[in-house]
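Read off the chains here:
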Amino acid sequence: AAGRVSHTEPVWRFPVALKSVPYEGRAQAVPGSVQAARFDAGGRGVSSFTAAGKNGHWDPQRKDDGVTVGRTGWVGHVYAGDWLNYTVDVASAGTYEVRMLASLSIRGVVGVSLFCDGRPLGRLALDGCTYWKKETADAGSLRVELPAGRHVLTVAAEGGLVFKSLEIVKAR
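Residues numbered from 1 in each chain as written. Predicted model: local features only at pLDDT ≥ 70, side-chain atom pairs only at ≥ 80, totals over all residues. Heavy atoms only, no water.

Time to look at the environment of G159. Topologically, G159 is positioned in the loop between β11 (149-157) and β12 (161-170). Separated by 78 residues in sequence, G159 and G81 place their C-alpha atoms 7.7 Å apart. Not counting residues within four places of it along the chain, the set of residues in contact with G159 comprises V78, Y79, A80, V110 and G111. (Helix = DSSP H or I, 4+ residues; strand = E, 2+ residues; numbered from the N terminus. Contact = heavy atoms within 4.5 Å.)

Have a look at this one:
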């Protein structure tokens, strides 16, 4: 269809021996809003990775991570190959619906792969998002199975985007 981008699924590899820790020592709650700017601490290659090595910075507390964090909580300049870890506490095991509040740096479709403790959960195809504005559109959702307890969610980008949060709710 017009506007669609064809691609090959990337192969993601994350450092399993290196452990990131929750940002400011507090895991984010699921169900709930997992805030983009609250990605784990640990530094580049442990809690996050930017293929460019170092992006622009707005948040001086995160300057060593190489990730652009806006004053209003947006994570920006996220490009293909970049990933971020989020420590979460899942209230109860079950099926959840995940939506991402995002906008794209390219026109078309950008994929975002989600992982739980390094295990693939699925892929969000962000289509219909606004083009490089701090606004969002309905980008679709992904149904995932999450176990109860503390886990690390990884967001891995396949293209350019800016995002504010992952909205994770119990599926109906």
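Now that the structure is up, let's keep going.
This brings us to the nonpolar core. Core analysis: the largest hydrophobic core is formed by 35 residues, its most contacted members being M100, L114, L146, L161, F163 and I168. Contributions of two or more residues to this core are made by β5 (75-78), β6 (83-90), β7 (94-104), β8 (109-116), β9 (119-127), β10 (142-146), β11 and β12. Counting residues per element, this core draws most heavily on β7, which supplies five residues. (Core = buried A, V, L, I, M, F, W, Y, C linked by side-chain atoms within 4.5 Å. Buried < 20%, exposed > 50% of the residue type's maximum accessible area, 1.4 Å probe, protein only.)

One pass over the full model with this rule turns up five salt bridges. Between R26 and E24 there is a salt bridge, with the nearest N and O atoms lying 3.4 Å from each other. Connected via shared salt-bridge partners are E24, R26 and R38. (Salt bridge = Lys/Arg side-chain N within 4 Å of Asp/Glu carboxyl O.)

Where strand β4 (residues 68-69) meets β5, two bridges bridge the pair, whose relative direction is antiparallel. Each bridged residue has a counterpart across the sheet, and for T68 the counterpart in β5 is G76. Counting the residues between successive antiparallel strands, the hairpin from β4 to β5 contains five residues, one of them, G73, with a positive phi of roughly 95°. Of the strand pairs in this sheet, β5 and β12 are connected by two bridges, and their pairing is antiparallel. Residue pairing across strands places V75 opposite F163, the latter belonging to β12. (Pairing = 2+ DSSP bridges.)

With that out of the way, let us pick up the confidence of the model for the protein. Here the protein shows a mean pLDDT of 79. Residues at 70 or above account for 72%. Taking the mean pLDDT of every element in the protein, the minimum, 79, falls on β4 and the maximum, 98, on strand β1 (residues 28-30). Contacts of residues 1-8 to residues separated by more than four positions or lying in other chains number eight contacts, the stretch itself having pLDDT below 50. (pLDDT = per-residue confidence, 0-100.)

Below, the discussion takes up unusual backbone geometry. V30 connects to P31 through a cis peptide bond whose omega is 5°. The topology assignment puts P31 in the loop between β1 and β2 (32-35). Not every positive phi belongs to a glycine, and E24 is a case in point at roughly 55°. Turning to its location among the elements, E24 is positioned in the segment before β1. Unlike most non-glycine residues, D117 shows phi in positive territory, near 55°. Within the secondary structure layout, D117 lies in the loop between β8 and β9. Exposure remark for D117: the relative accessible area of 47% places this residue in the partly exposed category.

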